[in-house]
Amino acid sequence: MNRHDEFIQTFTILGRDFSRAGSVSTEIKEILQEIGVPSSIIRRVAIASYEAEMNVVMYAQKGELTLTLNPETIKIEVEDEGQGIEDIELAMQEGYSTATEEMREMGFGAGMGLPNIKKNAHIFIITSSPGVGTYLKMIFYLDEERAA
Amino acid sequence: MTLQEIIKGLNLEVITGGDNLNLEVKDGYTSDLLSDVMANAQPACLWITLQTHVNIVAVAKLKDLAGIIIVNGRQPDKETRQKAQEENLPLLLSKETAFQVSGRLYQLLGKGK
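Treat the numbers as computed from the prediction; the structure is a model and nothing was measured. (Residues numbered from 1 in each chain as written. Chains lettered and ligands numbered in written order. Predicted model: local features only at pLDDT ≥ 70, side-chain atom pairs only at ≥ 80, totals over all residues. Heavy atoms only, no water.)

## Quick look at the interface of chain B and chain A
Applied cut-off: Only heavy atoms enter the contact rule, under which two residues are in contact if any of them lie within 4.5 Å. Two parts placed together each lose some accessible area under a 1.4 Å probe, and adding up what both lose gives the buried area. Here, a salt bridge means any side-chain nitrogen of Lys or Arg that lies within 4 Å of a carboxyl oxygen of Asp or Glu. N or O atoms closer than or at 3.5 Å make up a polar contact, with two conditions inside protein: a donor-capable atom paired with an acceptor-capable one, and, for residues adjacent in sequence, both atoms drawn from side chains. Under the scheme used here, helices are H or I runs from DSSP no shorter than 4 residues and strands are E runs no shorter than 2 residues, and both carry numbers assigned from the N terminus. Gly falls in the polar group here, along with every residue not listed as nonpolar (Ala, Val, Leu, Ile, Met, Phe, Trp, Tyr, Cys, Pro) or charged (Asp, Glu, Lys, Arg).
Of the residues lining the interface, 20 residues belong to chain B; the matching set on chain A comes to 20 residues. Of the roughly 1600 Å² buried between chain B and chain A, counting both surfaces, carbon and sulfur atoms make up 59%. It is Ser35, Asn55 and Leu62 of chain B that lose the most area in chain B upon contact with chain A, and together they represent 33% of the buried surface on that side. Applying the counting criterion to the chain B and chain A interface returns one salt bridge. Among the salt bridges present, the one from Lys29 of chain A reaches Asp64 of chain B, with a minimum N-O distance of 2.6 Å. One can count eleven residue pairs in polar contact (both at pLDDT 80 or more) joining chain B with chain A. At the level of elements, α2 (34-40) and α3 (55-62) of chain B are the ones that each hand at least two residues to the side of chain B that touches chain A. Of the residues forming the side of chain B that touches chain A, the biggest block, six residues, is contributed by α2 of chain B. Looking at the side of chain B that touches chain A residue by residue, the class counts come to nine nonpolar, five polar and six charged.

As structure tokens, then:
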């Protein structure tokens, strides 16, 4: 990639499709490994993208994840059509979850999703319209020293 | 310690990933909450859980885990077996509880010394 190059790829995530859940995050991880992103950054991206993907699977009809790579940053945006989030501050609290009993039995609904994204992305922005959907933007710096 | 040695030591049944057992296992992590594993499990560790559905395979792959031990004599779903097979991920079964398996793995790996 030269300085002006940007790589953009969009993935579709289907709501309630638990059997394929995690496949988009796995694909992203493979792309990052192929282009030689440091493993410490890949670990951050894998956690955050997985949580974002699972949120679409659990709470939305469908969503689109867009991965944008340039020489400095990895950007992941997720936009879904779904129930949205009434109270983002509450949803950001560790342990708070609106997962159903069925989801909890599968080991989801720990109330760690959004907190895990916040911890791992260098920049995290979330907006939501209840009844319409949610938009997330996460940015990861390839140079971790700059991020700190 | 290799996965092969642990399988022998803990008397585990190998379901999938049988040609991937020379992996060096560094640690273990016991949890049934997927986000907890995503947040806290370290690469090359063995994950001990009672979850049997297909999503555990994606978590293990995303976290570069050495494999999964399913406890309490539970059987993985058919989809889980298929996915683990495709990914060549060691899927192992134990009749013991998560507590017993964790304690024995902790000793085998020489932790707490």
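## Considerations on the packing of aromatic side chains
Each aromatic ring pair is characterised by the separation of its centres together with the angle its planes make. Residue and element names in this part refer to chain A. We apply this condition: For this analysis, a ring pair means two rings from Phe, Tyr or Trp (six-membered ring only for Trp) whose centres lie within 6.5 Å, classed as stacked if their planes differ by under 30 degrees, edge-to-face if by over 60, and tilted for the remaining angles. Three labels apply to residues, based on accessible area from a 1.4 Å probe with only protein chains included: buried if under 20% of the type maximum, exposed if over 50%, partly exposed otherwise in between.
For the structure shown, the criterion picks out one aromatic pair over all chains. Here Phe18 and Phe108 contribute two aromatic rings whose centre-to-centre distance is 5.6 Å and whose plane-to-plane angle is 45°, an arrangement assigned as tilted. One end of the pair, Phe18, is in the loop between β1 (7-14) and α1 (23-34); the other, Phe108, is in the loop between α4 (101-105) and α5 (113-120), with 90 residues separating them in the sequence. With respect to burial, Phe18 and Phe108 carry one shared label: buried.

## Side note on the sheet that holds strand β4 (residues 67-70) of chain B
Residue and element names in this part refer to chain B. Our working definition: Two strands are said to pair when DSSP picks up at least two bridges between them. Interaxial angle, 0 to 180 degrees, is taken between N-to-C directions of lines fitted to C-alpha atoms, where a helix line uses only the stretch in contact.
With mixed pairing, five strands are arranged side by side in an open sheet as β1-β5-β4-β3-β2. On the outer flanks of this sheet lie β1 (13-16) and β2 (27-30), each paired with one strand and no other. Averaged over all adjacent pairs, the angle separating strand axes in this sheet is 25°, with direction ignored. Note that β4 and strand β5 (residues 91-93) share three bridges and pair parallel. Its bridge partner being in β5, Ile68 is matched across the sheet by Leu91. Set on the sheet, α3 makes contact with β3 (45-49), β4 and β5; between it and β4 the angle comes to about 145°. The strands touched by helix α4 (residues 78-87) are β1 and β5; relative to β1, the strand with the most contacts, the crossing angle is about 80°.

## Overview of the pairing of strand β2 (residues 60-69) of chain A
All names here are of chain A. By the criterion of burial, β2 is predominantly enclosed, with seven of the ten residues buried. Where β1 lies against β2, eight bridges are found, and the strand directions are antiparallel. Among the inter-strand pairings, Phe7 is bridged to a residue of β2, identified as Leu69. Relative to strand β3 (residues 73-82), β2 is paired through nine bridges, and the arrangement is antiparallel. When the bridges of β3 are listed, Thr66 appears paired with Glu77. Hairpin geometry of β2 and β3 is characterised by an intervening segment of three residues between the two adjacent antiparallel strands.

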